[in-house]
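Observations on the model geometry
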Amino acid sequence: MDSVYKNLAMHLDNLPGGFPATESGAEIRILKRLFTPQEAEVALHLSMMLEPASAVAERVGMPEDEISKLLDVMSKKGLIMRSRKGGQPVYMAAQFVVGIWEYHVNDLDKGLIQDFNEYVPHLMNTQLKLKTQQLRVIPVSASMSAEMNIMPYEKAEEIVKSQSKIIVAPCICRKEHKMVGKGCDKPEETCLIFGGGAYYYEENGIGRAITQEEALSILRSGVEAGLVLQPGNSKKPLNICMCCGCCCQILKNLRSLAEPAKYACTSYRAEVDSDSCTACEICVGYCQMDAITVDGTARVDPRRCIGCGLCVAACEFGTIRLLEKDETGKWVPPANIVETYISIARERGKI
């Protein structure tokens, strides 16, 4: 029975997001908690191309009506992705992160959380080595000056205003930390989902539909709480995550590196005007990367700053400003999520 889970683990590892093996077998324990053996076998036959149940039935060797029912159950359990084409359901594989893990935000248990937190450093070690990350960092609007040439895809408000369908869901990182007595008191209902993913979230009861105005209000509340804005890494992102350095697995592992700025997909960095700095240290509390030190005046370590702009927005004296990196340091995201995944897969040697 273990062989089907090992095969599924290898299959997931061949998807762009990866699912690397560990000596402890934590990844296998996670799959056993989520998939039945039959579901694991079926998942092996799905790729990241949407297709009808009939195509999957032919590969699996099951009657179409049986596979159709099973795929529907699996998609409702958050094991695979479901969409519609011509009114008919179509299915595709889901990555473990971002994907399967996030789809289970409303049915977590302590055993799954324990296995995940044992496993996630191994997964992040694989992902953070890549040039193209699944998420990128954009500055909060209050940190942008009128002189800056900010592209629409780098403005959270503009991203929201371009959406016709928006879902808000709980942040799985803060939720799973709270469930085991850790975490923080920052807002939990902060994950914004757009496009086809929004319909999937709504149909599966993972989140609730909101208006653009409500989404903008959630954005403002997140920024006031000191959350980093991390949209999907494309010019047309399918989500915006609002993240804290104490719970977010990406930021936590990024912060543990000697030079976080080297690995974050960002085009900005903060700089302090030492002549006007009062050394009040407010900015230190807002920095998620431990990039700011104060010794007579605040200083920003450019090797650690990921350009989120929270310190700029928090400074009451206008001492800190956000600077655009030069052309060699700027991050220009792929046009869409398909190109993002292709870039990640290529960097991982999977295509």
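Cut-off values and rules
- Residues numbered from 1 in each chain as written.
- Predicted model: local features only at pLDDT ≥ 70, side-chain atom pairs only at ≥ 80, totals over all residues.
- Heavy atoms only, no water.
- Helix = DSSP H or I, 4+ residues; strand = E, 2+ residues; numbered from the N terminus.
- Contact = heavy atoms within 4.5 Å.
- Buried < 20%, exposed > 50% of the residue type's maximum accessible area, 1.4 Å probe, protein only.
- Axes fitted to C-alpha atoms, helices over the stretch in contact; angles between N-to-C directions.
- Parallel < 35°, antiparallel > 145°, perpendicular 65-115°, else oblique.
- Pairing = 2+ DSSP bridges.
- 1 Å grid on protein atoms, 1.4 Å probe; cavity = no way out; pocket = protein on both sides within 12 Å on 5 of 7 lines; lining within 4 Å.
- Points joined across faces, edges and corners; volume = space filled by probe spheres on them.
- Expected span 1.5 Å × (residues − 1).
- Bend = angle between axes of the 7 residues up to and from the residue.
- Polar contact = N/O pair within 3.5 Å; in protein donor to acceptor, adjacent residues only side chain to side chain.
- Patch = residues over 30% accessible without salt bridge, like charges linked within 9 Å, V, L, I, M, F, W, Y side chains within 5 Å.
- Areas by Shrake-Rupley, 256 points an atom, 1.4 Å probe, with all protein chains shown as cover.
- Salt bridge = Lys/Arg side-chain N within 4 Å of Asp/Glu carboxyl O.

**Quick look at the environment of L251**
Inspection of the secondary structure puts L251 in helix α12 (residues 249-255). Sequence separation of L251 and E176 is 75 residues, and the distance between their C-alpha atoms is 15 Å. Every residue in contact with L251, bar those within four places of it in the chain, is listed here: V228, Q230, C243, C244, G245, M289 and I306.

**A short note on unusual backbone geometry**
Between V97 and V98 the backbone carries a cis peptide bond, its omega angle lying at -10 degrees. Relative to the assigned elements, V98 resides in helix α6 (residues 96-103). Positive phi is not limited to glycine here, since A279 has a value of about 60 degrees. Relative to the helices and strands, A279 resides in the loop between β8 (268-272) and α13 (282-286).

**Some thoughts on the environment of P333**
Along the chain, P333 falls in the loop between β11 (320-324) and α15 (337-347). For P333, a relative accessible area of 4% translates into the label buried. Separated by 250 residues in sequence, P333 and S83 have C-alpha atoms that sit 25 Å apart.

**Regarding the packing of helix α1 (residues 2-13) against helix α2 (residues 26-34)**
Running from N to C, α1 and α2 point in directions that differ by 105 degrees, and their axes come no closer than 10 Å. The angle between α1 and α2 falls in the class roughly perpendicular. Across the interface between the two elements, D2, Y5, K6, L8, A9 and L12 of α1 pack against E27, I28, L31 and K32 of α2.

**Quick word on the pairing of strand β7 (residues 239-243)**
Most of β7 is tucked away: 5 of the 5 residues are buried. Of the two faces of β7, the one holding N239, C241 and C243 and the one holding I240 and M242 are both buried throughout. Sheet topology places strand β4 (residues 189-194) next to β7; 2 bridges connect them, and they run antiparallel. In the sheet register, L192 faces β7, and the bridge partner there is I240.

**Some details on empty space enclosed by the protein**
This structure, assessed with the given rule, holds 5 cavities of 30 Å³ or more. Here the largest cavity is characterised by a volume of approximately 160 Å³. Lining the largest cavity are 19 residues, and of these L128, Q133, Q134, L135 and I250 sit closest to its centre. The set of elements that each furnish at least two residues to the lining of the largest cavity consists of α7 (110-127) and α12. Among the elements that line the lining of the largest cavity, the one with the most residues is α12, at 3 residues. In this structure, the second largest cavity spans a volume of roughly 100 Å³. If you trace the second largest cavity, you find 14 residues lining it, with C287, C305, I306, C308 and C311 closest to the centre.

**Let's talk about α7**
With 18 residues, α7 extends 25 Å from end C-alpha to end C-alpha; this agrees with the ideal 26 Å at 1.5 Å per step. The largest bend along α7 reaches roughly 35 degrees and is located at Y119, with the proline P121 sitting one to four residues downstream. Among all positions of α7, only G111, L112, I113, D115, F116, Y119, V120, L123, M124 and Q127 are buried. Along its buried surface, α7 packs onto α2, α6, α9 (172-179) and α12. Two or three places before G111, at the opening of α7, D109 has a side-chain oxygen 3.0 Å from that residue's backbone nitrogen.

**Topic: the sheet that holds strand β6 (residues 228-231)**
Spatially, 5 strands are ordered β5-β3-β4-β7-β6 in an open sheet, and the strand pairing comes out antiparallel. Looking at which strands have only one partner, the edges of the open sheet turn out to be β5 (208-210) and β6. Neighbouring strand axes in the sheet, compared pairwise and without regard to direction, differ in orientation by 30 degrees on average. Where β6 meets β7, 4 bridges bridge the pair, whose relative direction is antiparallel.

**A few points about a nonpolar patch on the surface**
A cluster of nonpolar side chains, V338, I342 and I351, forms an exposed patch at the surface whose accessible area comes to about 280 Å². Structurally, V338 can be placed in helix α15.

**Points about the pairing of strand β1 (residues 80-85)**
Looking at chain direction, β1 and strand β2 (residues 88-93) are connected through 6 bridges and run antiparallel. When the sheet's bridge partners are listed, S83 is paired in β2 with V90. A loop of 2 residues connects β1 with β2, the two strands running antiparallel in sequence, and G86 in this loop sits at a positive phi of about 60 degrees.

**Concerning the pattern of salt bridges**
Under the definition given, this model contains 15 salt bridges. A salt bridge links E118 to R29, with the nearest nitrogen and oxygen atoms 2.7 Å apart. Of this pair, E118 sits in helix α7 while R29 sits in helix α2, placing them 89 residues apart in sequence. Judged by its relative accessible area of 33%, E118 falls in the partly exposed class. Across the salt bridge formed by E39 and K77, the nearest N and O atoms sit 2.9 Å from each other. Placement of the pair is E39 in helix α3 (residues 37-43) and K77 in the loop between α5 (64-76) and β1, with a sequence separation of 38 residues.

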